[in-house]
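Geometric and topological summary
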Amino acid sequence: VNNQARMCREYVDFRFKGQVESFESYSDEGLSGANTDRPGLKRLLADVEDGLIDALIVYQIDRLSRDVKDFANIYDKLAKRGVMFISLKESIDTDTPIGKAMIFITATFAQMERETVAARVVDNMTGLARRGFWPIGTVPTGYTRQHITVDGKRHSTLAVDPAGSAYIKSIYDTFLDREMTVQGMETYFRKNDIRTLNGCFFSQASIYRILTTPFYCEATQDVYDYWESLGCRMDAGSPREKWDGTHGVMVYGRRGKGEDGTHPLKDKSEWIVCLGLHKGFIPASRWLAAQERFKHNTFDKTMKYDIPLLKGVLRC
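So, a few notes on the structure that sits alongside this text. (Residues numbered from 1 in each chain as written. Predicted model: local features only at pLDDT ≥ 70, side-chain atom pairs only at ≥ 80, totals over all residues. Heavy atoms only, no water.)

Two strands pair when backbone bridges link them, and strand S6 (residues 218-220) and strand S8 (residues 244-252) are joined in this way by 2 bridges, in the antiparallel orientation. Bridge pairing in S8 links Thr-220 to Asp-244. Note that S8 and strand S9 (residues 272-275) share 4 bridges and pair antiparallel. Looking at S9, one finds that Val-251 is bridged to Val-273. (Pairing = 2+ DSSP bridges. Helix = DSSP H or I, 4+ residues; strand = E, 2+ residues; numbered from the N terminus.)

What follows is the structure, encoded as structure tokens:
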């Protein structure tokens, strides 16, 4: 970042020698250009709106934004305020006609590069998951991350944490043996001051997530049949005869990426299920029993009676 700022300052001294009253630097070190919710960018746009900037100089267009739509919105704000835009690496100067023509072409290629890199990362993570490794992300409670070397390369897998796994087992026992609902468990845990390992109170969402996490389950043939019945894609590298209970379950490709930055669940037909290198510590029969309970613990929103004629109109 310091080197890029230095190059921008040197360009200013060369291009606008004797014309600059002040020089302000904006940076968001460590934050992706794909994200517009950055403090440095917000400060820059605020100064643009206040008419404090005559020219904006960036080392490279993707330092400003890596999304064509976002870049177009930012550039439109610059243009409306008469702010000159200059990118050093692409040699783009919007003070010239050719510079204005090239700017969006360059932004398009920046977005394409970002999407290509993202696709490669996803493919790599998918490949690791298919081989049973733990690809990336937060390790589920009850496990610790374990590094192993395979074919000369360092990978990650899950190792059972005795204390954490016993804690997770107790939650399954509460749900199954006491025949509680998730809502009832939340109330019960609060009344008895039973908290997460981080010291927080359980929410219904966190309880449900634990009771449906596939990684805990022993991978038996009954579990294979369960995932297949849901319409999931069963990985060819993990045929049914290999599901002998000595491994855990790996399910990947469950979530996509929404336009608003969220990660919604995909349709189950897009989920890919295979054997993990880790060991499951919840017996298959117990895990399947929990999933079966959820089939019956549903809330029916269908009205018992027809809507009355004056519903919402008549007041007492």
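Moving on from the model shown.
Another point: the sheet that holds S9. Here we have 4 strands laid out as an open sheet, ordered S6-S8-S9-S7, and mixed in their pairing. Either end of the sheet is taken by a strand with one partner, and the two such strands are S6 and strand S7 (233-234).

Before going further, it helps to spend a moment on the packing of helix H5 (residues 162-177) against helix H6 (residues 182-191). If you want to describe how two helices pack, look at the angle between their axes and the distance between the axes. Where H5 contacts H6, the axes come no closer than 10 Å and their chain directions differ by 120°. Classed by the angle they form, the pair H5 and H6 counts as oblique. As for the relative orientation of H5 and H6, their crossing is right-handed in sense. Only Val-182, Met-185, Tyr-188 and Phe-189 of H6 make contact with H5, whose side of the interface consists of Ile-171, Thr-174 and Phe-175. Along the lines of polarity and charge, the residues of the contact of H5 with H6 split into 6 nonpolar, 1 polar and no charged. (Axes fitted to C-alpha atoms, helices over the stretch in contact; angles between N-to-C directions. Parallel < 35°, antiparallel > 145°, perpendicular 65-115°, else oblique. Left-handed = near helix turned anticlockwise from the far one by under 90°. Contact = heavy atoms within 4.5 Å. Nonpolar A, V, L, I, M, F, W, Y, C, P; charged D, E, K, R; others polar.)

Our next topic: unusual backbone geometry. Phi is positive for Glu-179, close to 50°, though the residue is something other than glycine. Mapped onto the secondary structure, Glu-179 falls in the loop between H5 and H6. Accessibility expressed as a relative area gives 64% for Glu-179, which makes it exposed. The phi dihedral of Asp-193 falls on the positive side, at around 55°, and the residue is not glycine. Here Asp-193 lies in the loop between H6 and helix H7 (204-212). (Buried < 20%, exposed > 50% of the residue type's maximum accessible area, 1.4 Å probe, protein only.)

The next thing to look at is the nonpolar core. Nonpolar side chains in soluble globular proteins tend to be buried together. Core analysis: the biggest nonpolar cluster contains 43 residues, and Tyr-172, Leu-211, Trp-227, Trp-243 and Val-249 have the highest contact counts within it. Elements supplying a minimum of two residues to this core: H5, H6, H7, helix H8 (221-229), S8, S9 and helix H9 (284-296). Per-element accounting of this core gives the leading share, 6 residues, to H5. Within the second largest apolar cluster, 16 residues are counted, among which are Leu-41, Val-48, Phe-71 and Phe-85. (Core = buried A, V, L, I, M, F, W, Y, C linked by side-chain atoms within 4.5 Å.)

A few words now on the packing of H5 against H7. Direction vectors running N to C along H5 and H7 enclose 100°, while the axes themselves pass 10 Å from each other. With respect to their mutual orientation, H5 and H7 come out roughly perpendicular. Each of Ile-168, Ile-171, Tyr-172 and Phe-175 in H5 lies in contact with H7, whose residues at this interface are Ile-210, Leu-211 and Thr-212. Partitioned by chemical class, the residues of the contact of H5 with H7 number 6 nonpolar, 1 polar and no charged.

Read these as geometric descriptors, not functional statements.
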